[in-house]
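Given next are the chains, with one letter for each unit.
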Amino acid sequence: MPILDCSGDVIIAAATAFGKTEAAFLPICSRLISAEQSGACVLYVSPLKALINDQSDRMERLCESLDIPVHPWHGDISQSRKREFLKQPSGILLITPESLESLFVNRGTSVAGLFSGLLYIVVDELHSFLGTERGQQLQSQLRRLEDAVGRQIPRIALSATLGDMVLAASFLRPPGGDKVHVIESAAPGQGLKLLVRGYRITGLTDRDREEDEEEPVNDGSARAVASDLMKTLRGSKNLVFANSRSQVEKYADLLGRICETERLPNEFWAHHGNLSKEIREDAEAALKDPSRPATAICTSTLELGIDIGTVKSIAQIGTPNSVASLRQRLGRSGRRGEPAILRTYIQESEIDSKSSIEDLLRTELVQTIAMVNLLLARWCESSGTGRLRLSTLIQQVLSVIAQFGGITPRRAWFILSDVFAADQGTFLQVLRTLGTRKVIRQEADGTLLLDEAGERIVGHYSFYSAFTTPEEYRIVAAGKTLGTLPIDRPLQENSALIFAGRRWRVVGIDEQRKVIEVRPSPGGRVPEFNGGRGDVHDRVRQEMRAVLVGKDIPSYLDTMARELLGEARTHFSHYGLEYRNIVPNGSETVVFTWRGDRVNDTLAVWFKHLGQIAQNSGAAVRVFACESDTVAALERMASDPPPEAAVLADCVRNKLSEKYDWLLDEPLMNAEYASRKLDVSGAHEFVETLVKGHQTM
DNA sequence: GACCTGCTGCGGGGTG
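To start, this report covers the structure provided alongside it. (Residues numbered from 1 in each chain as written. Chains lettered and ligands numbered in written order. Predicted model: local features only at pLDDT ≥ 70, side-chain atom pairs only at ≥ 80, totals over all residues. Heavy atoms only, no water.)

**As for the overall build of chain A**
Secondary structure assignment for chain A yields 25 helices and 24 strands. Taking 2.2 N^0.38 as the reference for a compact globule, 697 residues should give roughly 26 Å; the C-alpha atoms of chain A span a radius of gyration of 27 Å, in line with that estimate. When burial is assessed residue by residue, chain A has 54% of its 697 residues classed as buried. Here the analysis covers contacts within chain A between residues at least 6 apart in sequence; of these, 72% occur between residues at least 24 apart. Split by element, the accessible area of chain A, about 31200 Å² in all, is 49% carbon and sulfur. Separation between the mean location of the 82 positive side-chain charges and that of the 91 negative ones in chain A comes to 3 Å. (Helix = DSSP H or I, 4+ residues; strand = E, 2+ residues; numbered from the N terminus. Rg over C-alpha atoms; globule rule 2.2 N^0.38 Å. Buried < 20%, exposed > 50% of the residue type's maximum accessible area, 1.4 Å probe, protein only. Contact = heavy atoms within 4.5 Å. Areas by Shrake-Rupley, 256 points an atom, 1.4 Å probe, with all protein chains shown as cover. Lys, Arg positive; Asp, Glu negative; His and termini not counted. Charge placed at Lys NZ, Arg CZ, Asp CG, Glu CD.)

Written as C-alpha cells, this is what we have:
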C-alpha cells in the first residue's frame, strides 16, 4: 500500500461518493498514531470552504477515539480556533489555497516550524485545480512547503476520473509525475439513459413574447422548453444545468410562473454563483430533503462535490460547455445501481433568407450529438499545459519576498522555476517590469524587497487569491441580501428584475455602499451577467464533421432533433462540405476548419496580420474578402514560415485577462496572451493540409 | 475563456 509505507505520491480517482476520503485517511491516520515525533501532522487542501466543513466533521468522527486533533482553517473560522493549531501544530489541518497563502505572507518565518512534522499533503478535488490559476498557485505552494521543511513530502490527491491521468500525475508532481501511483476505480457500468430533444423556434422571439403570456407554447421558445421540463421533472429530484446565470434566472422564473398558473406548489429552485449563500443553502436543503420533490436550475455550482444526495435525472439546456463538464454533471445522477438519466434540450432557429451557413448546419444540435458521442466513447478534454501564467508568477514572487522578508533573484528562481513554464529570461524581465512599476526594489547586495506599490498589494487581504472578482452591487430585499450583480451592468431605478427565480422592482440604488434595494413586483426582466462562451476543443469539432458526414441517426434523438439533423446533413452536402472547406458567401468567404476555437482564433488574428479582416464564428472562420483573396492569403500562410505567436498577439487589442496582467509590459503581455490563446502550429498545420488538398483538386 | 472558487490583522466599542 503506497500510502501506508509513505513511499511516494498517489492519485485516487473515482466518482463522487465512492469512499475516496476514507481510502486515503484510514492509512494516514494509522501513520499519524504510530508517528513518534510530537508535531506529526497532515495538510489537507480543498478548493471549497463548504467541503472543508463537511470533511472536518467526518474526520472528527473518524479521529475522535484516536486522539488526533482536526483543525479546519478558512476565512469563516474564528481566530481563536486558528490559534489552537499555531500553539500546538499537530493532527490534520484542513485549509484552502488562499488561507495557506496568508500563512506564507503573515507567518513566513514560522512556516518551517509549523510544518516540520508534516507527513503528507492531501489535495481534494484535484480535477478542479487542473489548468487553472488556482492550480498553478497550489503547485507553487506545495513546492514552497517542501523548500521550507527541506525534504520531499508525499502528495496524495483525490480526483474525479479524468481523460488523461498522465497530465494529472505531472500536475501533482512536476515535471513528469512518472513516479506517481494512480489508483483508478473500475467504475461499474451503471447504465445511461439518453434523450436529445430538438426545438424549432418559430414566429415571435422570446423577448416579444414577454408581452403576451397567453401565446401557445408549441413554438420552440424557452416557454415551450420550460413547459416540457415541467411535465417531465415535476414530482422528483433533478438538476437542470443551464449554461449561464441569466439562463438559470430565465428558466427558474418560467417554471415558477407555470406552477403559479396551474396553482401548484413551486418545487423549482435557482442556484448560481451570484446568489447569496442563504438562498443557495435553501435550494441545497430542498434537494437533500427526502420528503418533498425538488429541482434546481443551476450553473456549474452544483457540479462539484458538495453533498446534495442523489437526483433522479439531469437536464441540460443548450449544448454543453465541454465533454468533461457534461461527464461531471452526469455523475450527479443515478447512483446506487440506478441508471443515470440525461435529457438535453436544443433550440434551433427557423430557416429563412437571412440564415447563415452556420445556422443551416444546426451547429448547436450537431455539437451536442458530437459531445454525447465522445462521452459514450469515454473521451474528454484534458486541461491545457504550457501556459506562462505570468499573473500567478507575479503573485508568487511577491509572496516569497514577503515570506522571507526579502529574497535574492537566484533563490526565488530556484524555488519557482520547477512549477512555472517561464524561462529564466522571461522571469528576469518580469522582475525588471515590477521594478519600474515600484512594486519591488533591489538592495545593493541584490536582495529583492517590496516597494511602495508592492507593500500596498501584498498588505491587502485580496492578495491571497490568484484570481480576481469583478466589483459588484449587493441586491437587498427587506434587509435580506439576495445576492450580487456585476457593477458594469447597471440597473435603473424603477426597472424590473428577475433574481433568485422571483420578480422584483428596483426601489433604490446606493452608489456609495454599492447596494441595490428591491421590492417584490409582478414585472420582470432577466439580468445580464458578463461573459460569452467557453472554447470548444479540436476533437469536438472533428466529431461534428463526422456527425455531418455520417448517415446513421442516433437512437437518442427525438423526432424534431432527427428532422433538424436531416436538414443539417442536406445543407452540408448541398455546399459540398465533404470535399471542400471554403464557401463564398456574398462579399465574405467562410472557411470551415473543423478545428477548435484556439485554431480558429489564431487564424482570425493571422488574417488580420496579413491585412484582412476575419472573425471566428465558432464552426468556421469568416473572412471579409472574396474567395480568391482568401485563398491567396491561405496560400501565403502555408508557404511562408509561420510567424512567432507573440508577433500575432501584437495585433490584438485588450489582452488583459488575469489578476496581475496589468503589471506586465507589452512584450510580456504578448507572450502571455500567445501562450493562453494562440495555437500557431495547429493553425499552420491546418492551412498546409488545406492548400495541399486544394492544389491536387 | 463559459462557469466557478477565496480572503488578515487590528482597532474600536461593548460586556463580564
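**Brief notes about the pairing of strand S17 (residues 480-486)**
The buried fraction of S17 is high, at five of seven residues. Here six bridges tie strand S16 (residues 472-477) to S17, and the two strands are oriented antiparallel to one another. Following the sheet pairing, Tyr473 is matched in S17 by Leu485. Remark: two residues form the turn of the hairpin made by S16 and S17, two consecutive strands paired antiparallel; Ala478 in that turn has positive phi of roughly 50°. (Pairing = 2+ DSSP bridges.)

**Topic: the environment of Asp9**
Topologically, Asp9 is positioned in the segment before strand S1 (10-13). Between the C-alpha atom of Asp9 and that of Thr593, which follows or precedes it by 584 residues, the distance is 41 Å. Not counting the four nearest positions on each side in its chain, Asp9 is found in contact with Ile153, Pro154, Arg155, Leu172, Arg173, Lys179, Val180 and His181. Of note is the side chain of Asp9, whose polar atom sits 2.8 Å from the side chain of Arg173. (Polar contact = N/O pair within 3.5 Å; in protein donor to acceptor, adjacent residues only side chain to side chain.)

**Overview of the packing of helix H21 (residues 597-609) against helix H22 (residues 627-639)**
For the pair H21 and H22, the least separation of the axes is 11 Å and the interaxial angle reads 100°. With respect to each other, H21 and H22 are oriented roughly perpendicular. Contacts between H21 and H22 involve Leu603, Trp606 and Phe607 from the first element and Thr630, Ala633, Leu634 and Met637 from the second. Counted by class, the contact of H21 with H22 contains six nonpolar, one polar and no charged residues. (Axes fitted to C-alpha atoms, helices over the stretch in contact; angles between N-to-C directions. Parallel < 35°, antiparallel > 145°, perpendicular 65-115°, else oblique. Nonpolar A, V, L, I, M, F, W, Y, C, P; charged D, E, K, R; others polar.)

**Some words on a negative patch on the surface**
On the surface, Asp54, Asp57, Glu60, Glu64 and Asp307 cluster together to form a negatively charged patch. Its location among the elements puts Asp54 in helix H2 (residues 49-63). (Patch = residues over 30% accessible without salt bridge, like charges linked within 9 Å, V, L, I, M, F, W, Y side chains within 5 Å. Salt bridge = Lys/Arg side-chain N within 4 Å of Asp/Glu carboxyl O.)

**Notes on the pairing of strand S4 (residues 91-95)**
Burial of S4 is extensive: five of the five residues sit out of reach of the surface. Sheet analysis places strand S2 (residues 41-45) next to S4, joined by five bridges and oriented parallel. In the sheet register, Val42 faces S4, and the bridge partner there is Ile92. The sheet contact formed by strand S3 (residues 70-73) and S4 spans four bridges and is parallel. From the neighbouring strand, Trp73 faces S4, where its bridge partner is Ile95.

**Digging into H21**
The terminal C-alpha atoms of H21 lie 18 Å apart, and with 13 residues this matches the ideal 18 Å at 1.5 Å per residue to within 8%. When you tally the buried positions in H21, you get ten out of 13 residues, the bulk of the element. Restricting attention to buried positions, one finds in H21 the residues Asp597, Val599, Asn600, Asp601, Thr602, Leu603, Ala604, Val605, Trp606 and Phe607. A positive phi of about 90° marks Gly611, the residue just after H21. (Expected span 1.5 Å × (residues − 1).)

**Things to note about the nonpolar core**
Of all hydrophobic cores here, the largest spans 49 residues; its most connected members are Leu239, Leu302, Leu365 and Phe592. For this core, the leading source of residues is helix H14 (residues 363-376), giving eight residues. When neighbours within four sequence positions are excluded, Leu365 is seen to be in contact with Val196, Ile346, Glu348, Ala561, Leu564 and Leu565. Within the second largest apolar cluster, 38 residues are counted, among which are Tyr473, Ile475, Phe499 and Val506. (Core = buried A, V, L, I, M, F, W, Y, C linked by side-chain atoms within 4.5 Å.)

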